[in-house]
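# Notes for the structure review
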Amino acid sequence: MKKALIFIAVLLLLGGGFYIYQLKNKPDKQQVKVLKTAKVKRGEIRNIINATAIVKTRVNAYLKIGSRATGLVEKMYIDIGDYVKKGQLIAIIDQREIRKSIEKIRYQLEKSHNKLQQIEKIYPAKIKEAEKNLQSARAEYEYALWKFNREKQLLAEEFTTKENFEMAQRELKTKEAKVKALEETLKRLKLEYQTEKQLAQDDIKIWEKELEKEKIRLSYTEIYSPIDGIVANVVAREGETLVAGLQAAELVTILKPDKLEIQIFVDETDIGKIKPGQPVQYSVDAYPDKIFTGKITKIYPEPVVKQNIVYYLAIVPVKKEYARYLRPEMTVYTRIIAGIKKNALIIPNSAVRFEAGKQFVYVIKNGKPVKRFIKTGWIDENYTEVIEGLKEGEVIAVRFIAPVKTKVFK
């Protein structure tokens with residue numbers, strides 16, 4: 001019996017020793033296996049606030065273009081979604097009637113010009129001839145006057161007869177009447193010349209005004225874009241008839257590219273960090289590889305409540321060159337750069353873990369990872385700012401196999 005008890009005791013000692021040996025040599029499931037390390041360094045970090053946004057149109061974002069002309073739409077050169085430039089021809093309305101009227105007016109205008117040319121050619125020649133005749137008549141009058149005075153003197157001295165004197169007197173009166181008649185003729189020709197010339201010039205002005213009026217009517221049939229923009233809607237198509245009444249008949253609607261804006265839904269917890277002038281980067285699902293940029297210009301004071309969450313709208317105007325990509329009501333993903341620190345103490349985001357609401361990292365001491373709790377600040381896409389717990393130059397684990405209970409800090 002005594003030997004049996006001693007044998008059992010020996011077995012227990014051997015079993016206990018083997019169990020203790022197994023425990024000492026069993027791998028530690030809680031041990032951290034480090035795959036990659038990095039040094040704590042100083043560098044630039046950005047305070048990035050991610051928020052969802054939407055593309056919206058501002059006041060007067062749409063410009064409706066109409067036509068004052070009535071008629072058939074002969075040509076429509078644009079369609080919905082096309083980008084048009086200022087001065088680009090959009091459409092042509094039936095011009096046949098107006099062009100016929102212009103041809104008629106031009107014919108009448110040419111006749112008036114021809115008439116004026118004839119007047120300016122004929123009347124100066126008539127006036128010149130009348131002036132020549134008047135000059136000759138005046139010379140004859142001067143001779144008749146000399147002859148009359150001579151006969152008068154000779155009669156007083158009784159060297160001529162009364163009949164010769166009376167004949168000289170009658171000739172003088174005849175020459176005087178001829179001069180007066182030619183003076184009246186010259187005066188009438190000059191007045192008639194000015195009158196006919198003025199009438200012809202007035203006719204030309206009237207027809208020129210009529211031509212200008214018809215050209216304006218013709219311009220109503222050619223529709224040009226007054227701005228750069230995107231065609232948002234086309235009301236009339238080729239072959240349709242427009243009827244312009246008291247208001248211009250609408251043709252197309254153009255979206256002004258400088259009248260789009262991004263409305264960012266900023267969470268109430270982040271609104272205190274947002275200020276006008278902060279740069280923003282944003283993207284849309286339609287162009288995932290394209291990054292758009294802008295700046296916050298204003299923050300609306302009124303809140304927007306969505307699904308019981310309070311947001312405030314931050315506004316970013318869309319640049320003109322982006323208008324061909326962005327459309328109203330598109331969902332936008334924004335990154336607001338709320339601040340930049342140039343000499344912050346930073347570590348890679350992958351190094352940070354959290355436990356029970358606290359952040360920690362594994363610091364490499366004597367070749368082994370040692371858990372150390374830290375206090376963090378700003379976080380961007382790549383780095384986390386360290387406020388307390390680490391020093392520049394210390395080595396930390398950035399890639400490692402961590403215990404199961406360890407979670408990645410986000």
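Within each chain, residues carry numbers counting from 1 in the order of the written sequence. Totals for whole chains, interfaces and linings use every residue, but because this is a predicted model, local features are given only for residues with pLDDT of at least 70 and side-chain atom pairs only at 80 or more, for both listing and counting. Excluding hydrogens and water, the side-chain values take into account all heavy atoms of the structure.

### Let's talk about the sheet that holds strand S5 (residues 83-84)
If you trace the four strands from one edge of the open sheet to the other, you get S3-S10-S8-S5, paired in antiparallel fashion. This sheet does not close on itself; its edge strands, each paired only once, are strand S3 (62-67) and S5. Any two strands with at least two DSSP bridges between them are considered paired. We count a stretch as a helix when DSSP gives it H or I for four or more residues in a row; a strand needs E for two or more, and each element gets its number in order from the N terminus. In this structure, strand S8 (residues 229-234) lies alongside strand S10 (residues 249-255), joined through four bridges in antiparallel fashion. Opposite Ile230, over in S10, you have Leu255 as the bridge partner.

### Notes on the pairing of strand S15 (residues 309-317)
Across seven bridges, strand S11 (residues 260-267) lies against S15 in antiparallel orientation. Looking across to S15, one finds that Val266 is bridged to Tyr312. Sheet analysis places strand S14 (residues 298-306) next to S15, joined by six bridges and oriented antiparallel. Of the residues in S15, the one forming a bridge with Val305 is Val310. Between S14 and S15, which pair antiparallel in sequence order, lie two residues; one of them, Gln307, sits at a positive phi of approximately 55°.

### A look at the side chain of Thr334
Of note, Thr334 is situated in strand S16 (residues 331-348). The term polar contact refers here to a pair of N or O atoms within 3.5 Å; inside protein, the definition further demands a hydrogen-donor-capable atom paired with an acceptor-capable atom, and it admits residues adjacent in sequence only when both atoms are side-chain atoms. A polar contact is formed between the side chain of Thr334 and the backbone oxygen of Ala51, at a distance of 2.7 Å. Whether two residues are in contact is decided by their heavy atoms, any of which lying within 4.5 Å being enough. Here Thr334 is in contact with Ile49, Asn50, Ala51, Ala53, Ile262, Ile264, Val280, Gln281 and Tyr282, once residues within four sequence places are set aside.

### Notes on the nonpolar core
For this analysis, a nonpolar core means a set of buried residues of the types Ala, Val, Leu, Ile, Met, Phe, Trp, Tyr and Cys, connected via side-chain atoms within 4.5 Å. Exposed residues in this analysis have more than 50% of their type's maximum accessible area, buried residues have under 20%, and partly exposed residues fall in between, with area computed by a 1.4 Å probe over protein chains only. Ile262, Ile264, Ile274, Tyr282, Leu326 and Ile336 are the most contacted members of the largest nonpolar core, which totals 25 residues. Dropping the residues within four chain positions of it, Ile336 is found in contact with Asn47, Ile48, Ile49, Ile264, Val266, Ile274, Gln278, Pro279, Val280 and Ile296. Within the second largest apolar cluster, 20 residues are counted, among which are Leu116, Val179, Ala200 and Ile204.

### Here we look at the confidence of the model for the chain
Here pLDDT means the predictor's own confidence in every residue, given as a number from 0 to 100. Looking at the chain as a whole, the pLDDT averages 87, with 90% of positions reaching at least 70. Element-level pLDDT for the chain is lowest in strand S22 (residues 407-408), with a mean of 52, against a maximum mean of 96 in strand S12 (residues 279-284).

### Looking at the pattern of salt bridges
Salt-bridge detection follows one rule: a side-chain nitrogen of Lys or Arg within 4 Å of a carboxyl oxygen of Asp or Glu. Here the structure, examined in full by the defined rule, presents 21 salt bridges. Put simply, Glu329 and Lys56 hold a salt bridge, and the shortest N to O gap is 2.9 Å. In this pair, Glu329 is assigned in the loop between S15 and S16 and Lys56 in strand S2 (residues 41-57), connecting sequence segments 273 residues apart. According to the relative accessible area criterion, Glu329 is partly exposed, its value standing at 47%.

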